[in-house]
Amino acid sequence: MKRKLLTLALCAALALCALPMAAFADDSVAAIGDEKYPTLQAAVDDAPDNIQITITLLGDASGDGVIVPSNKNITFDLADSTYTVSGKTVGSSGTETNGFQLLKDSTIVFKNGGIKSTSDTCNVLIQNYSNLTLENVTLDGQQLAAGANSYVLSHNNGSAKLLGKTSITAPDGGVAFDMYYWPSNGYRDGVKVTVNTTGTITGKIEYTKDSISTDADAAEKNVLNIENVKHEGAFNVPVSGANITVSGGTFSNKVPDAYLKNGFAPTLGADGKYTVSALYVAQVDGKNYTDLASALTALATAENKTLVLSPSHPDVPIEVGAPLVINVEGAIVKGGILQPSANFTRNDQDGSVITVTANNVTLDGVTVDAGAVDAGAVKYAVQFYNVNGGKVSGGTIRNDGWAGILLNGSTATVTGTAFDLSGSCYAAIELGKGSGVTTDPNLTLAGTVSFANSNTNTADANRLIWVDLDPNNDNESIPAGMVTANNLTVKTSAGDMTYDANGLLVTKPAPQPEEPDEPSAPAATPAPAPVLDSTPKTGAVSLSLLPLAGLGLAALGAVSRKRR
């Protein structure tokens, strides 16, 4: 009896010992709710059609490739784990080279984890025909078997969204993701991909088509929107007119202009990367504006009275369709490049890209490029109208109209500015008095002013200053005291020059050595030079905050053009 009891006790002990071993012997890879599955494919096979279910990865796992058939609605919660395709790969008959094959008419989400492959037959990590979302997912294709011919994520149909901090890494030379328009295989609906991720995509982005479709067909059906990404790689897009829109992100290669969303532009950073962002045309008191009209309204009540042009993309020109009127006294306009649009419309007689109608306005480093517009529309790059204290500092003035800068009954200082004249432009600077303007203009030139000219009007080919005060006088010289030169150097292709009484550039005299004092007969008093330093005239009428509508537009800018 004792021997029998001992035997029973031993059996019971062995049974108890076996219980924890059975618990630890669970090799399940995934679960749907409380139901566990030995492989990811087994969980997919158990998912019902057209009913949303979640398959959760139970930890880092490896196994064969996975086919998700049509009509599934599956969320793969990777649960901060990684699934590695290490065995048999999947795909269509004869091309079983996919890690995952996601078939048409399914809705699939992968989130919160990673997918990679170590299989020696895996050339495409995910082949997608479904409507796919990747959110906070890392696709690591660095070990894909085809190397530079590998595709980490390939789209032949459906849609895809790359969200959160999703990242994709291709092997050297490989494709991170592609979009292939494939009607010859029955996929005529095309592909739509949206990229809005803080993650990094490393590898090529490819946009291609099959041989039976036209570029126009592919561009209509395949749509790529990139809203945010860090992209290390190039675009491979042999399709003409590809439907690609980029509105954000940082790129190792410059994004082609054709792909940039309207109102967006790239900025080259110190790290050599290009960042695409909204093109703000102006900034006032630290606030950015996408249109000049709103910025000018804000300037009227701004604390610092400063209008910064193109704060986000200083090298991108701003097109204006009508004169930009600065009517705020003491305003400073900084930087930027202004270009009149092809349909630039002048306000009656005001054919200026910038018109200043307030006292003490400074243009600091502003470039006005009006050289490509019909001279009938743009007469002047900049006009100061009946004001005092104007200043143009730095920047470049390019024009082939009448003159670069017009002082219309105004006083202004020009220093450090470059003039580039072409066409039949009269001069870099014009001194005039329009109809109804009673104050004489007055100009101070200072610092280094550069002058380039390809003028077809040979009589004015080297004219720095043109005077147009008397409509009955065709050859006015510069009145004494109207122009003051303070340490002026005029840089031209022929060297440093100065200007004569008619405003024409002439060779600058070489400095003469001082002669020792010796008694001599009194010399005749020389005639005064035609251009003398003098104190600028005062008394100009202030038109601060006066809009163009109140100026009598028939008179504004209507300086006589005697040789036109």
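How each quantity is defined
Residues numbered from 1 in each chain as written. Predicted model: local features only at pLDDT ≥ 70, side-chain atom pairs only at ≥ 80, totals over all residues. Heavy atoms only, no water. Phe/Tyr/Trp six-rings, centres within 6.5 Å; stacked < 30°, edge-to-face > 60°. Buried < 20%, exposed > 50% of the residue type's maximum accessible area, 1.4 Å probe, protein only. Helix = DSSP H or I, 4+ residues; strand = E, 2+ residues; numbered from the N terminus. Pairing = 2+ DSSP bridges. Contact = heavy atoms within 4.5 Å.

In this section: the packing of aromatic side chains. How two aromatic rings sit relative to each other is set out by the distance from centre to centre and by the angle between their planes. All chains considered together, the criterion is met by 10 aromatic pairs. An angle of 65 degrees between the planes, with centres 5.8 Å apart, marks the rings of Tyr180 and Trp182 as edge-to-face. On the basis of relative accessible area, Tyr180 is assigned to the partly exposed category, the value being 22%. Geometrically, the ring pair formed by Tyr426 and Trp466 is tilted, given 5.1 Å between the ring centres and 45 degrees between the ring planes. Separated by 40 residues along the polypeptide, Tyr426 in the loop between strand E38 (418–423) and strand E39 (427–432) and Trp466 in strand E41 (residues 465–468) bring together distant segments of the chain. Just as Tyr426 is buried, Trp466 falls in that class too. Taken together, the aromatic side chains of Phe76, Tyr83, Phe100 and Phe110 make up a single cluster linked through ring pairs.

Moving on, we come to the sheet that holds strand E18 (residues 235–236). Strand order in the open sheet made by the seven strands is E5-E7-E9-E11-E14-E16-E18, with parallel pairing throughout. The open sheet has two free edges, formed respectively by strand E5 (66–68) and E18, since each of these has just one partner strand. Pairing geometry for strand E14 (residues 175–181) and strand E16 (residues 204–209), over six bridges, is parallel. Bridging from a neighbouring strand, Val175 pairs with Lys204 of E16.

Along the chain, the position of Ala145 falls in the loop between strand E10 (131–140) and strand E11 (151–155). Taking the C-alpha atoms as reference, Ala145 lies 9.9 Å from Leu125; in sequence the two are 20 residues apart. What Ala145 contacts, discounting residues up to four positions off in sequence, is Ser119, Asp120, Thr121, Cys122, Asn123 and Ser150.

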